[in-house]
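Read off the chains here:
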Amino acid sequence: AALEAKLTGLSSLPTTAAVAVKLISLGAQGSPAEYARIIEGDAGLAGHLLAVANSPFYGVRTKVTRPLMAVNLLGVGTVRSLAISRCLAGLHHSVKLNAAEGRALWAATLCKAVASRSVAALSATGSEEAQRVATEEAYASGLLQDLAVPVMLACAKPAMLGLLDECEPNGQAQ
């Protein structure tokens, strides 16, 4: 009952969480148009993707003005990763983690995602496209591995911090 009350008392999850889940469910088989339709349902994510697509890094000559253009430019793998990252950042803010807690969780999450992608790259077989898809899926899985940790911190912070303190930096129990 107490846990249910705490969960009910949390501010709502960011809308990008639902969008991220939809994008992940599309997988690599989804077309850029399908990705764009989902992204258009979240103004914040759409604006973020348009800003990334129009950044100097991509060096486009004409302004990217529609989500479909952004998906085609960035690629569905990058779009999924950006959506998941934005979802996690919103979740950290929504459950009121302080800056140090948010940075620590993000660093651990990113480390797991990069490690997952690296292992997948070393072990992936098949065509170049199949290997690319495998590494993208591994990266997304690494990002999502600890999705519940911020919620658990918000609901039972002292107990969770105690559990986290019992582990050494290399993840081994003391």
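Further up the page is the structure itself.
Scope of this entry: the structure provided in the associated data block. (Residues numbered from 1 in each chain as written. Predicted model: local features only at pLDDT ≥ 70, side-chain atom pairs only at ≥ 80, totals over all residues. Heavy atoms only, no water.)

## Observations regarding the packing of aromatic side chains
Phase 1 of the analysis: Under the definition given, this model contains 1 aromatic pair.
Phase 2 of the analysis: Between the aromatic rings of Phe-57 and Tyr-58, the centroid separation amounts to 5.0 Å while the plane-to-plane angle is 85 degrees, which identifies the pairing as edge-to-face.
Phase 3 of the analysis: Residue classification places Phe-57 among the exposed positions, given a relative accessible area of 69%.
Phase 4 of the analysis: Residue Tyr-58 is classed as partly exposed on the basis of its relative accessible area of 29%. (Phe/Tyr/Trp six-rings, centres within 6.5 Å; stacked < 30°, edge-to-face > 60°. Buried < 20%, exposed > 50% of the residue type's maximum accessible area, 1.4 Å probe, protein only.)

## Considerations on the nonpolar core
Phase 1 of the analysis: In terms of nonpolar packing, the biggest core is built from 20 residues, with Leu-23, Tyr-35, Ile-39, Leu-45, Leu-49, Val-71 and Val-79 touching the most fellow members.
Phase 2 of the analysis: Apart from residues no more than four positions distant in its own chain, Tyr-35 is found in contact with Leu-23, Leu-26, Gly-27, Ala-28, Gly-30, Val-71, Val-76, Val-79 and Arg-80.
Phase 3 of the analysis: Ranked by size, the runner-up nonpolar core spans 9 residues in total, among them Leu-88, Ala-113, Tyr-139 and Ala-140. (Core = buried A, V, L, I, M, F, W, Y, C linked by side-chain atoms within 4.5 Å. Contact = heavy atoms within 4.5 Å.)

## Remarks on helix α8 (residues 128–144)
Since the α-helix turns once every 3.6 residues, residues separated by three or four places project in the same direction.
Phase 1 of the analysis: Compared with the 24 Å implied by 1.5 Å per residue over 17 residues, the 25 Å span of α8 between its first and last C-alpha is a close match.
Phase 2 of the analysis: When we look at burial in α8, the residues that qualify are Val-133, Thr-135, Glu-136, Ala-138, Tyr-139, Ala-140, Gly-142 and Leu-143.
Phase 3 of the analysis: For α8, the elements touching its buried residues are α6 (76–94) and α7 (99–123). (Helix = DSSP H or I, 4+ residues; strand = E, 2+ residues; numbered from the N terminus. Expected span 1.5 Å × (residues − 1).)

## A closer look at the packing of helix α4 (residues 43–53) against α6
Phase 1 of the analysis: At a minimum axis separation of 11 Å, α4 and α6 run at an interaxial angle of 125 degrees. The orientation of α4 relative to α6 falls into the category oblique. Relative to α6, α4 is oriented so that their crossing is right-handed. Within the contact between the two elements, α4 uses Gly-44, Leu-45, His-48, Leu-49 and Val-52 and α6 uses Val-79, Leu-82, Ala-83 and Arg-86.
Phase 2 of the analysis: Its residues placed into classes, the contact of α4 with α6 shows 6 nonpolar, 2 polar and 1 charged. (Axes fitted to C-alpha atoms, helices over the stretch in contact; angles between N-to-C directions. Parallel < 35°, antiparallel > 145°, perpendicular 65-115°, else oblique. Left-handed = near helix turned anticlockwise from the far one by under 90°. Nonpolar A, V, L, I, M, F, W, Y, C, P; charged D, E, K, R; others polar.)

## Focus on the side chain of Thr-135
Phase 1 of the analysis: With respect to the element layout, Thr-135 can be found in helix α8.
Phase 2 of the analysis: Here Thr-135 falls in the buried class, since its relative accessible area comes to 14%.
Phase 3 of the analysis: Residues in contact with Thr-135, not counting those within four places in the same chain, are Arg-117, Ala-120 and Ala-121.

## Concerning the pattern of salt bridges
Phase 1 of the analysis: Applying the stated criterion across every chain, the model contains 4 salt bridges.
Phase 2 of the analysis: As a salt-bridge pair, Arg-80 and Glu-136 come within 3.7 Å of each other at their nearest N and O atoms. On the criterion of sequence distance, the pair formed by Arg-80 in helix α6 and Glu-136 in helix α8 is long-range, its members being 56 residues apart.
Phase 3 of the analysis: Given a relative accessible area of 18%, Glu-136 falls into the buried group.
Phase 4 of the analysis: The partner of Glu-136 in a salt bridge is Arg-132, with the nearest N and O atoms 2.3 Å apart. On the criterion of helical spacing, the pair formed by Glu-136 and Arg-132 is a turn pair, its members being 4 residues apart in helix α8.
Phase 5 of the analysis: Judged by its relative accessible area of 34%, Arg-132 falls in the partly exposed class.
Phase 6 of the analysis: A single network of salt bridges, built from pairs that share partners, joins Arg-80, Glu-129, Arg-132, Glu-136 and Glu-137. (Salt bridge = Lys/Arg side-chain N within 4 Å of Asp/Glu carboxyl O.)

Everything listed here is a matter of geometry and, on its own, says nothing about what the molecule does.
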